[in-house]
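Residues per chain, in single letters:
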Amino acid sequence: IIFTKEQTILGCMLPDEEKMKTLIINGKEVKLFRKKYLLDESKIVGDAFFKKDGYKFYVKAHKVTEEEFINVIRSILNN
């Protein structure tokens with residue numbers, strides 16, 4: 001999880017936001033990209049990008065369930 005108030009997130013290559021699906025989670029717009037993890041199709045790899053309280057958040061997930069990934073995002077948005 002990376003977050004900053006800077007204009008860009010340094011040291012990290014963000015995915016193209018235009019290619020990311022937009023979801024509403026806890027009333028906030030979240031750009032989300034996910035695909036199946038090839039070694040275990042019950043897991044995903046994914047990226048999420050969203051803004052909250054003047055911060056930009058970038059969440060990268062690897063080998064988690066989709067539900068676990070969404071729950072991490074929800075927990076950030078709830079605080």
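Analysis parameters
- Residues numbered from 1 in each chain as written.
- Predicted model: local features only at pLDDT ≥ 70, side-chain atom pairs only at ≥ 80, totals over all residues.
- Heavy atoms only, no water.
- Salt bridge = Lys/Arg side-chain N within 4 Å of Asp/Glu carboxyl O.
- Helix = DSSP H or I, 4+ residues; strand = E, 2+ residues; numbered from the N terminus.
- Buried < 20%, exposed > 50% of the residue type's maximum accessible area, 1.4 Å probe, protein only.
- Lys, Arg positive; Asp, Glu negative; His and termini not counted.
- Polar contact = N/O pair within 3.5 Å; in protein donor to acceptor, adjacent residues only side chain to side chain.
- Contact = heavy atoms within 4.5 Å.
- Phe/Tyr/Trp six-rings, centres within 6.5 Å; stacked < 30°, edge-to-face > 60°.

This brings us to the pattern of salt bridges. Applying the stated rule across the entire model yields 3 salt bridges. Between Asp47 and Lys60 there is a salt bridge, and its shortest N-O distance comes to 3.2 Å. Taken together, the residues span a long stretch of sequence, with Asp47 in strand 4 (residues 40–52) and Lys60 in strand 5 (residues 55–64) at a distance of 13 residues. For Asp47, a relative accessible area of 7% puts it in the buried group. With relative accessibility at 57%, the residue Lys60 sits in the exposed group. A salt bridge links Lys52 to Asp53; the nearest nitrogen and oxygen atoms lie 3.8 Å apart. Under the relative-accessibility criterion, Asp53 is labelled exposed at 60%.

Within the secondary structure, Lys31 is located in strand 3 (residues 28–37). Buried Lys31, no salt bridge; nearest opposite-charge side chain is Glu29, N-O distance 4.7 Å. A distance of 3.2 Å separates the side chain of Lys31 from the side chain of Thr22, its partner in a polar contact. Once residues within four sequence positions are removed from consideration, Lys31 is found in contact with Glu17, Met20, Lys21, Thr22, Asp47, Ala48 and Phe49.

As enumerated under the stated definition, the model contains 4 aromatic pairs in all. Consider the rings of Phe3 and Tyr55, whose centres lie 5.7 Å apart with planes at 70°: the pair is edge-to-face. Of this pair, Phe3 sits in strand 1 (residues 2–4) while Tyr55 sits in strand 5, and the two are 52 residues apart along the sequence. A residue is classified by how much of its surface remains accessible, and Tyr55, at 31% relative accessible area, is partly exposed. Between Phe3 and Phe57, the ring centres sit 5.4 Å apart and the planes meet at 25°, which makes this aromatic pair stacked.

As far as function goes, none of this settles anything; it's purely spatial.
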